[in-house]
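Commentary on secondary and tertiary structure
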Amino acid sequence: MEAYYWNKELETIDQASLEDLQLKLLRDTVQAALKTPFYRNRLKKAGINSGDDIRSLQDLQRIPFTTKDDLREGYPTGLLAVDLAEVVRIHTSSGTTGTPTVIYHTKEDLDNWTELVCRCIVATGATREDVFQNTMSYGLFTGGLGLHYGAERLGMTVIPVGSGNTRRQIQLMKDFKTTVIHATPSYMLHIYSKLNEFKIPLNELFLKKAYLGAEPYSENTRRKIEEFFHIDVYNSYGLSEMNGPGVSFECIHKCGMHTWEDSYLLEIIDPKTTRTLSEEHEGEIVLTNLRRRATPLLRYRTRDLAFIHKGKCKCKRTHRRLSRITGRTDDMLIINGVNVYPSQIEEVIMRIPQVGTNYQICLEKDGTLDKIIVKVEIYSKLFTGDIRQLDTLKAKINEELRAAIIISPIVELHEPGSLPVSEGKAKRVVDSRTKL
Ligand code: ADP
Ligand code: ZN
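From a predicted model like this one, the values you see are computed outputs, not experimental measurements.

One open sheet holds the four strands; their spatial order is β10-β11-β12-β14, and the pairing between them is antiparallel. Strands at the two margins of the open sheet, each flanked by one partner only, are β10 (264–269) and β14 (327–328). Here two bridges tie strand β12 (residues 300–306) to β14, and the two strands are oriented antiparallel to one another. Across the sheet, the residue bridging to L305 is G327, located in β14.

A few words now on helix α9 (residues 219–229). Counting buried positions along α9 gives eight out of 11 residues, so the element sits mostly inside the fold. Considered for burial, the residues of α9 that qualify are N220, T221, R222, K224, I225, E226, F228 and F229. Looking one or two places after α9, you find H230, whose phi comes out positive at around 60°.

Attention now moves to helix α7 (residues 166–175). Three or more residues of α7 are buried, namely T166, Q169, I170, L172 and M173. Along the axis of α7, the buried residues cluster in a sector spanning 160°; they form a single face. Tucked inside the fold, the buried residues of α7 contact β3 (131–134), β4 (157–159), β5 (180–183) and α8 (185–197). Looking one or two places after α7, you find K177, whose phi comes out positive at around 50°.

Next up on the list: empty space enclosed by the protein. Here the structure, examined in full by the defined rule, presents two cavities of 30 Å³ or more. Contributing to the lining of the largest cavity are L71, G74, Y75, P76, T77, G78, L79, L80, V102, Y104 and T295. Approximately 50 Å³ is the volume attributed to the second largest cavity. As for the second largest cavity, its lining consists of D109, N112, W113, L116, N243, S263, Y264, N289, R291 and R292. Here the lining of the second largest cavity gets four residues from one element, more than from any other, and that element is helix α5 (residues 107–123). Each residue belonging to the lining of the second largest cavity can be placed in one class, and the counts come to three nonpolar, four polar and three charged.

Now for the domain arrangement of the protein. Segmenting the protein into domains produces domain 1 (1–330) and domain 2 (333–431). On the domain 2 side, the residues contacting the 25 residues of domain 1 number 19 residues. The junction of domain 1 with domain 2 conceals about 1,800 Å² of combined surface from both sides, 51% of it contributed by carbon and sulfur atoms. Considering only the surface of domain 1 that becomes buried against domain 2, L189, N220 and K224 emerge as the three largest contributors, covering 25% of it.

By the element assignment, F132 lies in strand β3. Since its relative accessible area comes to 0%, F132 is described here as buried. Along the backbone, F132 and I159 are 27 residues apart, and their C-alpha atoms lie at a distance of 6.0 Å. Setting aside anything within four residues of it in sequence, one finds F132 in contact with L147, A151, M156, T157, V158, I159, V180, H182 and Y211.

So, how was this worked out
Residues numbered from 1 in each chain as written. Chains lettered and ligands numbered in written order. Predicted model: local features only at pLDDT ≥ 70, side-chain atom pairs only at ≥ 80, totals over all residues. Heavy atoms only, no water. Pairing = 2+ DSSP bridges. Helix = DSSP H or I, 4+ residues; strand = E, 2+ residues; numbered from the N terminus. Buried < 20%, exposed > 50% of the residue type's maximum accessible area, 1.4 Å probe, protein only. Arc of directions from axis to C-beta. Contact = heavy atoms within 4.5 Å. 1 Å grid on protein atoms, 1.4 Å probe; cavity = no way out; pocket = protein on both sides within 12 Å on 5 of 7 lines; lining within 4 Å. Points joined across faces, edges and corners; volume = space filled by probe spheres on them. Nonpolar A, V, L, I, M, F, W, Y, C, P; charged D, E, K, R; others polar. Domains from an automatic or database assignment. Buried area = accessible area lost by both parts, 1.4 Å probe.

The following block contains the structure:
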């Protein structure tokens, strides 16, 4: 293994060879997908009866999209493309937006996934010398086992602690000198607030890097976590429908997440018209899994919003880089007719130094109107207990939010540690407006 790449040949593949490989794999994937009743029906309607009907990568456009609803309707085996005896593992999504979806894996599928995770870890400069603590939940959720196998194959020392029990997490970090941690951004912030609460100084930890993903977070949150812990934070993107983590990951340059294009066909579309968008235009991410045989998915609409960065990365990896995910097409809030993404709110509050590690957005009815209450925890180290100071802070947050989202929220300040924390993905929005 070369120090800086896990698989130099594929990570630095030139465009022409990449496209040749993608075409071959796309044909194989279509052929595999045709084994499922769902795709046989869908693809036949589009005039595709065999993998050979895909003559060039342009033919991708002939393939219909697959949606989360398709997966739900196909539950449990409608999209299974191999004999159940070939399946060695089942994963499901975490069900943030409804019934979970199921994905089957063969042994080769898991091997390929693990290979991609190894590439991601190596791209951040981590090595087998590192001690890796995985705080993502193990089980059907892909965040735990996904990273676990990659870290283990690379030869890191893995602590498979799983989610929750922050006191124990911190103890393990101290005892085993954890250098790399995998967490959700909200949990990472929670760990920080607990360090303060338990009065554990930072120099008792050995942390160097954090891989944060599974939920949206802003550049300001990244910066905040990096400053709090004196570490490097790398953005990690994945979804169970595309295996899980390991789809897109930042390299040491932290300028967008390399998406492994020898394993995933990456498209960005306008979610309304479904027209393909060019680089630097934000839209919905659409992914085709090129190597998975048990559950091949073609042109899967992720509902996640991002854009593709232009130009080449200094690391010489040729795989294109995805921007930070700004939200999901389905997490947009409509507040008195104004469209607001929770990420816009996060971006504003996390750049204010006096804001601590947790926040919540509550929506309520006030007569016929909507009312938005933004609850933020204050950062204890910067708070002296002066009431005037609190009023000024409240006004400042209100003003900055109003500038960003047009509507004026009610801002509530809360003591550190008083807002609810979730051990998996954070639930930032509490919408108690009754829908008519
Ligand atoms: P669910 O769709 O039920 O949440 P998953 O567990 O598969 O199921 O989660 C995948 C989703 O998590 C992605 O589609 C995306 O919305 C979100 N996600 C994952 N990583 C990131 C990230 N780095 N930034 C923002 N959102 C992310
Ligand atoms: Zn790079």
